[in-house]
Amino acid sequence: MLAVRIQKALDENADLPWCVHRLYEEVVSPAGFDDRGRGLEVTRGAADLLVEQARARSETVSAISIGVHCEDALFWSVHSDRTRLEEFGAQYESPTILRRLAAHFQCHGL
């Protein structure tokens, strides 16, 4: 089950949050999803299920860059002593996290 694989990855790296993109690229994609968009949706759903079941923690980050809205969720293990994203250090505090989020944009041409 996908949620179990995601939880395992989070628990093995309890000191760092994982964004949906990283979960997809390192945990889900190698397991057979070729369609990135669909894979990201499935990944987010499985990770959200873990949060609903109190098996993971998450926080949503939202930014606007060049007039485009970008939103991502970061997930981490319940075995971490951190309960808020900012507790992971300066790279997860605003505005640094917002700049990193904006860097997720990929240009696909006009």
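Residues numbered from 1 in each chain as written. Predicted model: local features only at pLDDT ≥ 70, side-chain atom pairs only at ≥ 80, totals over all residues. Heavy atoms only, no water.

**Points about the packing of aromatic side chains**
Here the distance between the centres and the angle between the planes together describe a pair of aromatic rings. Quick reminder of the rule: Aromatic rings from Phe, Tyr and Trp, with only the six-membered ring used for Trp, were paired whenever their centres fell within 6.5 Å, and each pair was classed as stacked if the ring planes differed by under 30 degrees, edge-to-face if by over 60, and tilted otherwise. In DSSP terms, a helix is any run of H or I states spanning at least four residues, a strand is any run of E spanning at least two, and both are numbered starting from the N terminus. Only protein chains enter the accessibility calculation, which uses a 1.4 Å probe; a residue whose area is less than 20% of its type maximum is buried, one above 50% is exposed, and one in between is partly exposed.
Throughout the structure, instances matching the rule amount to 2 aromatic pairs. Judged by centre distance (5.3 Å) and plane angle (75°), the rings of W76 and F88 are edge-to-face. Remark: F88 occurs in the loop between strand 3 (68–77) and helix 4 (96–102) and W76 occurs in strand 3; sequence separation between them is 12 residues. The residues W76 and F88 share a single accessibility class, namely buried. When the ring of F88 is compared with that of Y92, the centres are 5.9 Å apart and the planes differ by 65°; the resulting orientation is edge-to-face. By the burial criterion, F88 is buried, and Y92 matches it.

**Focus: the nonpolar core**
For the record, the criterion: Residues enter a nonpolar core if they are buried and are Ala, Val, Leu, Ile, Met, Phe, Trp, Tyr or Cys, with the set joined through side-chain atoms within 4.5 Å. Any two residues whose heavy atoms approach within 4.5 Å are treated as being in contact.
In terms of nonpolar packing, the biggest core is built from 19 residues, with I6, L10, L23, V27 and F75 touching the most fellow members. For this core, the elements supplying multiple residues, two or more each, are helix 1 (2–12), helix 2 (20–28), helix 3 (36–52) and strand 3. Once you skip the residues sitting within four places of it in the chain, L23 turns out to touch I6, L10, W18, V28, T43, A47 and F75.

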